[in-house]
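Inside the fold
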Amino acid sequence: MTKPFDHIEQISMAKSHKKSHKNLLKELKKEKNGTVDLLFSQAHDEVFECTDCMDCGNCCRTTGPMYTQKDIERVANHLKMKPGAFIEKYLRLDEDNFFVLQVVPCPFLAEDNGCSIYEARPKACKDYPHTDMRHQKGIFDLTLKNAEVCPAVFNILEKIKATSHKK
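Residues numbered from 1 in each chain as written. Predicted model: local features only at pLDDT ≥ 70, side-chain atom pairs only at ≥ 80, totals over all residues. Heavy atoms only, no water.

**With respect to the overall build of the protein**
Each helix and strand in the protein was counted, giving 9 helices and 3 strands. Written out in order from the N terminus, the α and β elements of the protein read α-α-α-α-β-α-α-β-β-α-α-α. The globule rule puts the C-alpha radius of gyration for 167 residues at 15 Å, and the 17 Å found for the protein is close to it. The C-alpha extent of the protein, read off along each of the three principal axes, is 55 × 40 × 25 Å. Within the protein, contacts between residues at least 6 apart in sequence are counted, and of these 68% link residues at least 24 apart. As displayed, the protein has an accessible area near 10,600 Å², and 54% of this comes from carbon and sulfur atoms. (Helix = DSSP H or I, 4+ residues; strand = E, 2+ residues; numbered from the N terminus. Rg over C-alpha atoms; globule rule 2.2 N^0.38 Å. Contact = heavy atoms within 4.5 Å. Areas by Shrake-Rupley, 256 points an atom, 1.4 Å probe, with all protein chains shown as cover.)

This is the structure we're talking about:
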């Protein structure tokens, strides 16, 4: 049996490595965009070969995605609700005027860490943890934050750090 995921332990581990991760990202800013994207893409693929998000679910327990108008319409339709009713029941406007969940953990998170709206989930959820996207240098601040939430992001940074030291 695997050890249950401990999000407090994840935060603590990420914080203890934050300085080295910041230094890594500072060094990577000097590299070409394509080089950085390739490093992240390769590390992302390697880490997710042996990572099962269903073992964790911390992203859904601790953070809420931004909902675009398309997301709202898709999820509302999936739930057989009108978009206005969906917004009223589940969303709020944040300080940046974006629609986000009223509460976390996500109300669509199941006990087994599954998602009850998986087929219709928001784009932000589909893209999470964003480590295989292009233009990684533009989201380094987000990557540092996500390392405190997602063990895979932490492991991706550690893998890149280990690779960078071999040069």
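**Description of the sheet that holds strand S2 (residues 91–93)**
Sheet architecture is open: 3 strands sit in the order S1-S3-S2, paired in antiparallel fashion. Either end of the sheet is taken by a strand with one partner, and the two such strands are strand S1 (66–67) and S2. This element, helix H6 (residues 83–90), spans S1, S2 and strand S3 (99–101) of the sheet and lies at about 80° to S2. (Pairing = 2+ DSSP bridges. Axes fitted to C-alpha atoms, helices over the stretch in contact; angles between N-to-C directions.)

**Observations concerning the environment of Arg 121**
Following the sequence through the fold, Arg 121 ends up in the loop between S3 and helix H7 (123–127). For Arg 121, a relative accessible area of 16% translates into the label buried. For the pair Arg 121 and Phe 108, spaced 13 residues apart in the sequence, the C-alpha separation amounts to 9.4 Å. Beyond its immediate chain neighbours, meaning those up to four positions away, Arg 121 contacts Arg 74 and Lys 126. (Buried < 20%, exposed > 50% of the residue type's maximum accessible area, 1.4 Å probe, protein only.)

**Section: unusual backbone geometry**
Following Val 104, the chain continues to Pro 105 via a peptide bond in cis, the omega torsion being 5°. One non-glycine residue with positive phi stands out, namely Asn 97, at about 70°. By the secondary structure assignment, Asn 97 is in the loop between S2 and S3. Positive phi outside glycine occurs at Asn 113, with the angle close to 70°. Relative to the helices and strands, Asn 113 resides in the loop between S3 and H7.

**A closer look at the pattern of salt bridges**
Any two side chains of opposite charge can pair, given that their charged atoms come close. Under the definition given, this model contains 6 salt bridges. For Lys 159, the salt bridge is made with Glu 46, and the minimal N-O distance between the two is 3.2 Å. Taken together, the positions of Lys 159 in helix H9 (residues 151–165) and Glu 46 in helix H3 (residues 33–49) put the pair 113 residues apart, joining distant regions of the chain. The exposure class assigned to Glu 46 is partly exposed, which follows from its relative accessible area of 40%. Notably, a salt bridge pairs Lys 123 with Asp 127, separated by 2.5 Å at the nearest N-O pair. (Salt bridge = Lys/Arg side-chain N within 4 Å of Asp/Glu carboxyl O.)

**Considering the packing of helix H5 (residues 69–78) against H6**
As a packed pair, H5 and H6 sit with axes 9 Å apart at the nearest point and diverge in direction by 95°. In terms of orientation, H5 and H6 fall into the roughly perpendicular class. Of H6, the residues touching H5 (which contributes Ile 72, Glu 73, Val 75 and Ala 76) are Pro 83, Phe 86 and Ile 87. Looking at the contact of H5 with H6, its residues break down into 6 nonpolar, no polar and 1 charged. (Parallel < 35°, antiparallel > 145°, perpendicular 65-115°, else oblique. Nonpolar A, V, L, I, M, F, W, Y, C, P; charged D, E, K, R; others polar.)

**Points about the nonpolar core**
Membership of the largest hydrophobic core comes to 17 residues, with the highest contact counts inside it found for Leu 25, Leu 28, Phe 40, Phe 140, Ile 156, Leu 157 and Ile 160. Among the elements of the structure, helix H2 (18–28), H3, helix H8 (140–147) and H9 are those that each provide at least two residues to this core. The residues contacting Phe 140, other than those within four sequence positions of it, are Leu 25, Leu 28, Lys 29, Val 36 and Phe 40. Tyr 90, Leu 101, Cys 106 and Phe 108 belong to the second largest nonpolar core, which has 13 residues in total. (Core = buried A, V, L, I, M, F, W, Y, C linked by side-chain atoms within 4.5 Å.)

None of this, on its own, says anything about what the molecule does.
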